[in-house]
Amino acid sequence: MLITSFFPGRVRLRAPIFKNEELCEKARSILSKSDAVKNIEHNPVTGSILLEYDIKKVPMEKLLPMQDFFMKLGKEAERYDGTETGHKKIAAMLDDLESIVAKW
C-alpha cells in the first residue's frame with residue numbers, strides 16, 4: 001500500500017486491493033460511521049482511496065497509534081491475491097479498524 005499524498009485532513013492511498021469493490025465498500029461503511037470523516041472517494045480503476053477528515057476530531061496524536069495497524073494492513077494488501085482466504089484476512093482487519101474508528 002502506497003501513501004501517495006498525506007497532509008492533515010487528507011490522505012490518498014493506492015494499492016491493488018482498492019480495486020476490490022466489496023472490501024472498499026466495507027471500509028467506506030466503517031469510516032462513514034465517524035463524524036470525523038468528511039469525504040471518501042474511491043477509484044476502482046486506479047486502485048486508490050482519498051480520505052478527507054476533520055483534523056480537529058482526528059488530530060495527529062490519534063493517527064500516530066494507528067501506524068502499526070496500517071503497516072500490517074499494507075503488508076496484507078500487497079499480498080492480496082483475490083482468493084477467498086486473502087479476502088477474509090483483509091475483511092477481518094477491517095473489523096479491527098471499526099473498533100479503532102469507534103474510539104475517535
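Coordinates for the structure precede this section.
Let us look at the structure shown here.

## Examining the overall build of the chain
- A tally of regular secondary structure across the chain gives four helices and four strands.
- Listing each helix as α and each strand as β along the chain from the N terminus yields β-β-α-β-β-α-α-α.
- For the C-alpha atoms alone, the extent of the chain along its principal axes is close to 40 × 25 × 20 Å.
- Counting only residues that meet the buried cut, the chain has 39% of its 104 residues in that class.
- Sequence separation of at least 24 residues holds for 58% of the intrachain contacts in the chain that already meet a minimum separation of 6.
- Put simply, the chain shows about 6,400 Å² of open surface, and 56% of that area lies on carbon and sulfur atoms.

## Here we look at the nonpolar core
- Core analysis: the largest hydrophobic core is formed by 29 residues, its most contacted members being I17, F18, L23, L31, I90, L94 and L97.
- Every element with two or more residues in this core is listed here: β2 (10–14), α1 (21–32), β3 (37–43), β4 (48–53), α3 (67–79) and α4 (84–102).
- In this structure, I17 is in contact with L23, C24, A77, Y80 and I90, ignoring residues within four places of it in sequence.

About the cut-offs
- Residues numbered from 1 in each chain as written.
- Predicted model: local features only at pLDDT ≥ 70, side-chain atom pairs only at ≥ 80, totals over all residues.
- Heavy atoms only, no water.
- Helix = DSSP H or I, 4+ residues; strand = E, 2+ residues; numbered from the N terminus.
- Buried < 20%, exposed > 50% of the residue type's maximum accessible area, 1.4 Å probe, protein only.
- Contact = heavy atoms within 4.5 Å.
- Areas by Shrake-Rupley, 256 points an atom, 1.4 Å probe, with all protein chains shown as cover.
- Core = buried A, V, L, I, M, F, W, Y, C linked by side-chain atoms within 4.5 Å.

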